[in-house]
Amino acid sequence: MAEPHALTKYWQVIYSVIQEFWSITEPAIEEAAIRNDIPVELYYYGELGLDHFSVENFQKRDPFSNPEQFEKLFASLDVKGWIEPQQDERYKVTEMARSGATYIIMSGDAKLPPDEALPEIDLERLKSLVKQIVLANDAASEPPEKWAILHRFRVAKKNSPVLVKIREYLMDLFAYRDDSHLAAARPHFNEAGIVWLALGAASDAGSINAAKMAESMSFRGYEVNDHEVALQAAKEIGWLEETDVPGSFRPTQKGRELREQVEAQTDEYFYRPWSVLPQEDLDELYDLLLKLREGLRELRRIK
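My aim in this report is to walk through the structure given alongside it, one point at a time. Owing to the predicted nature of the structure, the values given are computational and were not obtained by experimental measurement. The residue numbering used here restarts from 1 in each chain and proceeds along that chain's sequence as written. Residue-level local features of this predicted model are given only where pLDDT is at least 70; pairs of side-chain atoms are given and counted only at 80 or more, and the full residue set underlies all totals for whole chains, interfaces and linings. By convention in this description, side-chain values take in all heavy atoms of the structure and omit both hydrogens and water.

Regarding unusual backbone geometry
For residues besides glycine, phi is generally negative; the peptide bonds are generally trans as well. The omega torsion across E142 and P143 is 5°, close enough to zero to call that bond cis. Numbering of helices and strands runs from the N terminus, with a helix taken as a DSSP run of H or I at least four residues long and a strand as a DSSP run of E at least two residues long. Following the sequence through the fold, P143 ends up in the loop between α6 (123-139) and α7 (148-151). Cis rather than trans, the peptide bond between P143 and P144 has omega equal to 10°. Residue position: P144 is located in the loop between α6 and α7. One non-glycine residue with positive phi stands out, namely N190, at about 55°. Checked against the element boundaries, N190 lands in the loop between α8 (162-189) and α9 (193-205).

And the structure:
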């Protein structure tokens, strides 16, 4: 097994902080969407951009979901005036939709604790450190192609609370992580994202079958038979092999090595711009992220 990247722990703590933000903001976002009859999908797909919708654009960041569910979403949003069809198989996102998305996202941000609720954390310093990485990502050479980081919809403004700005910068890092992963992985699966899902699911669980994949990944929009085809395809190209249990598959040595290779390449792309920070700043960043995660958890427990 390959040695993990020296900075691996940073993405792990960043993602855990993002999850804390989600646990606070998303219930309020969903409630505001229902209360004001605004499609909550405008929040979720805002990460793919709120200028134009198209299957091609959505698959730039999400090649792993069934494109048919995107088409059904577009039809629903079109009927209600949230998007407008264009001649090039794209839909223009209306100003009403962007305003609605802004409103429900800000409703979630309003549930974040005020900056003064975390006096033991230098939030301004944390914001500054994360912002330096985001700016370094913007200036970095390709690969990775900077699709997600350039297209995601942002609501934080100059006068937003520091914690909201930190959330926004961390989501920028999330977008760049996706750009990095897809730059590393897509050459191996091209348009067959569901086959890459099969390798990932089998690697994470040790073994997998189509029914379990359909259940655990229902949000991807694929049926059991779709996953059966994907598992067979992964077997045919040598990524998976059958176990003693009928219909169950596990990674081959080739599959394990390929996934490790892609994860290592993802880390190399993702962390390359981090050279902008000296080691003492990296240490400080990690400490501040840990404090923020624990501070958010403690405030949730108190509530």
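So much for the structure itself; the text now carries on.
Things to note about the side chain of R98
In this fold, R98 is placed in helix α5 (residues 95-109). Each residue touching R98, except ones within four places of it in the same chain, is listed here: L50, D51, V93 and F153. By definition in these notes, contact holds between two residues if any of their heavy atoms fall within 4.5 Å.

Some details on the packing of α9 against helix α12 (residues 253-271)
The geometry of α9 relative to α12 is characterised by a closest axis approach of 11 Å and an angle of 100° between their N-to-C directions. With respect to each other, α9 and α12 are oriented roughly perpendicular. The segment α9 lies against α12, with W196, L199, G200, S203 and D204 engaging G255, L258, R259 and V262. Gly falls in the polar group here, along with every residue not listed as nonpolar (Ala, Val, Leu, Ile, Met, Phe, Trp, Tyr, Cys, Pro) or charged (Asp, Glu, Lys, Arg). Of the residues that constitute the contact of α9 with α12, the class distribution is 4 nonpolar, 3 polar and 2 charged. Every angle, taken between N-to-C directions, lies between 0 and 180 degrees, and every axis is a line fitted to C-alpha atoms, over only the stretch in contact when it is a helix. Angles below 35 degrees are treated as roughly parallel, those above 145 as roughly antiparallel, those between 65 and 115 as roughly perpendicular, and all remaining angles as oblique.

A look at α6
A helix is expected to span 1.5 Å multiplied by its residue count minus one. With 17 residues, α6 should reach 24 Å at 1.5 Å per residue; the first-to-last C-alpha distance of 24 Å fits that figure. A 1.4 Å probe rolled over the protein chains alone gives each residue an accessible area, and that area as a share of the maximum for its type sets the label: buried under 20%, exposed over 50%, partly exposed in between. Restricting attention to buried positions, one finds in α6 the residues L123, L126, K127, L129, V130, I133, V134, A136 and N137.

Considerations on the packing of aromatic side chains
Aromatic pairs are defined between Phe, Tyr and Trp rings, using the six-membered ring for Trp, whenever the two ring centres lie within 6.5 Å; interplanar angles under 30 degrees are classed as stacked, those over 60 as edge-to-face, and all others as tilted. Enumeration over the complete set of coordinates arrives at 23 aromatic pairs. Aromatic pair Y15 and W22: ring centres 6.0 Å apart, planes at 85°, arrangement edge-to-face. Residue classification places W22 among the partly exposed residues on the basis of a relative accessible area of 23%. Taken together, a centroid distance of 4.9 Å and an interplanar angle of 70° make the contact between F53 and F58 edge-to-face. F53 gets classed as buried once you look at its relative accessible area, which sits at 0%. Here K9 stacks its cationic end above the ring of Y286, 4.2 Å away from the centre of that ring. We call a charge positioned over a ring when the NZ of a Lys or the CZ of an Arg lies within 6 Å of the ring centre and within 35 degrees of the ring normal. Stacked on the ring of F174, the Lys or Arg R61 has its end atom at 5.8 Å from the ring centre.

With respect to the pairing of strand β6 (residues 248-251)
Alignment of strand β4 (residues 208-209) against β6, held across 2 bridges, turns out to be antiparallel. Note that in β6 the partner of I208 across the bridge is F249. Pairing of strand β5 (residues 240-242) with β6, which is carried by 3 bridges, proceeds in the antiparallel orientation. Directly across from E241, in β6, lies its bridge partner R250. In short, DSSP must find at least two bridges between two strands for them to pair. The turn joining β5 and β6, which pair antiparallel and follow one another in sequence, is formed by 5 residues; a positive phi near 80° is taken by G247.

Notes on the pattern of salt bridges
Take a side-chain nitrogen of Lys or Arg and a carboxyl oxygen of Asp or Glu: if they are within 4 Å of each other, that pair is a salt bridge. Applying the stated criterion across every chain yields a total of 27 salt bridges. With a closest N to O distance of 2.5 Å, K235 and E242 form a salt bridge. A relative accessible area of 33% means that K235 is categorised as partly exposed. Judged by relative accessible area, which is 38%, E242 ranks as partly exposed. Among the charged side chains, a salt-bridge network with shared partners connects E47, R61, D109, R152, R154, R167, E168, D172 and D178.

Concerning the sheet that holds strand β3 (residues 91-93)
Strands belonging to one sheet form pairs held by backbone hydrogen bonds; the direction of such a pair is parallel or antiparallel. Ordered in space as β1-β3-β2, the 3 strands form an open sheet in which the pairing is antiparallel. Looking at which strands have only one partner, the edges of the open sheet turn out to be β1 (52-53) and β2 (83-85). Summarising the sheet, β2 and β3 pair through 3 bridges and their orientation is antiparallel. Among the inter-strand pairings, P85 is bridged to a residue of β3, identified as Y91. Of the strands in this sheet, β1, β2 and β3 touch helix α4 (residues 67-79), which is tilted by about 105° from β2.

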